[in-house]
Amino acid sequence: MILVCGGAGYIGSHTVYELIDRGEEVIIVDNFQTGHRGALHPKAKLYDGDIRDKDFLDKVFGENNIDAVIHFAANSLVGDSMESPLKYYDNNLYGTLVLLKAMNRHGVKKIVFSSTAAVYGEPENIPIVETDKTEPTNPYGETKLAMEKMFKWADTAHDIKYISLRYFNVAGAHESGEIGEDHNPETHLIPLILQVPLGKRDFISIFGENYDTTDGTCIRDYIHITDLADAHILAVEKLRKDKISSIYNLGNGEGFSVKEMIEASRSVTGHPIPARISERRPGDPAKLIASSERAKKELGWKPKFTSVEDIIKSAWKWHQNKPKGFEA
């Protein structure tokens, strides 16, 4: 039985779907701060509550025979973290502390953690590897790195084994078109681009076109949501088998520019998608690309969605199916 914290969110809900497809029993804990009831899998058992609530977690662990935890419950917006850093320390760091204490009390010794490539800050090398220095440039990345260090010491003292997965830009939607990306406010590039053909905005803004890249726009690494969910499940299986803690990057290894993403979206949707150049945003590195060689070698991870067009097609199917998102 697997506990998914944040199982009503974007990544959490897709992971729950994949777990249940593979015959796992799943419990979801979510406080619906950013998650959606419409994203819940009907076969998953839901506990509506907050991981910062000790008594609530004791109830969840006490009533179920939980073998492993997958932890997505966190605030995750860089800009928001700059404006409200204490919120991020409270939810991300304190929430994880309460969760780890509960796991230790109830003898649950395996956790897979949704981390971020924001732990690296400005990259030393492209592609980024797991041994590169970690110097976050915002409270979001800082709290995620602190959470990773908390797992390390919980392993040393209490033998709680963990796998931390660091990834960049998650995109796409479930192949059924029934669940997908629905944030408010939306900050991710692909759904923002697709708001133009959906009639929600007149154009897409490109923040700077004078970066040191092939076309002058920022290059990012995109990973399909189903491939990401698959990596979390492979990580649980590895912990069950090897009982060794580790950290893995997840990405496609090459990266695509903002202009390339817009062009691919034009191709998929058949819409002209007007674009306008705006000022650079502070703190946007020119290139962020991850090496996933370790994950491929040690987890046996093989991304199925390697083409940007395929990623965008799945997102477009979801947005056409639910143009107003889950709450429509």
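The text that follows walks through the structure, step by step, so that each part is easy to find. (Residues numbered from 1 in each chain as written. Predicted model: local features only at pLDDT ≥ 70, side-chain atom pairs only at ≥ 80, totals over all residues. Heavy atoms only, no water.)

1. Observations regarding the environment of Ala231
And step 1. Relative to the assigned elements, Ala231 resides in helix α7 (residues 225–242).
And step 2. Of the residues examined, Ala231 reaches a relative accessible area of 0% and is grouped as buried.
And step 3. It is 8.8 Å that separates the C-alpha atoms of Ala231 and Gly300, two residues lying 69 residues apart in sequence.
And step 4. With residues up to four places along the chain from it excluded, the contact list for Ala231 reads Leu165, Leu250, Leu299 and Trp301. (Helix = DSSP H or I, 4+ residues; strand = E, 2+ residues; numbered from the N terminus. Buried < 20%, exposed > 50% of the residue type's maximum accessible area, 1.4 Å probe, protein only. Contact = heavy atoms within 4.5 Å.)

2. Describing the sheet that holds strand β12 (residues 256–257)
And step 1. Taking strand neighbours across the sheet as the criterion, the three strands line up as β12-β9-β14 in an open arrangement whose pairing is mixed. Pairing within the sheet leaves two strands with one partner each, and these edge strands are β12 and β14 (287–288).
And step 2. Strand direction decides the pairing type here: strand β9 (residues 219–220) and β12, joined by two bridges, are antiparallel. By the bridge assignment, Ile219 is partnered in β12 with Ser257. (Pairing = 2+ DSSP bridges.)

3. Focus: the sheet that holds strand β6 (residues 161–167)
And step 1. The strand order β3-β2-β1-β4-β5-β6-β11 describes an open sheet built from seven strands, whose pairing is parallel. Of all the strands in the sheet, just β3 (45–48) and β11 (246–250) have a single pairing partner and so form its edges. On average, each strand axis in the sheet is inclined to that of its neighbour by 20°, with strand direction left out of account.
And step 2. Judged from the three bridges that link them, strand β4 (residues 68–71) and strand β5 (residues 110–114) form a sheet pairing that is parallel. Residue Val69 lies in a different strand from β5, and its bridge partner there is Ile111.
And step 3. Each of β1 (2–5), β4 and β5 is contacted by helix α4 (residues 85–106), which is oriented at about 175° to β4, the strand it contacts most. (Axes fitted to C-alpha atoms, helices over the stretch in contact; angles between N-to-C directions.)

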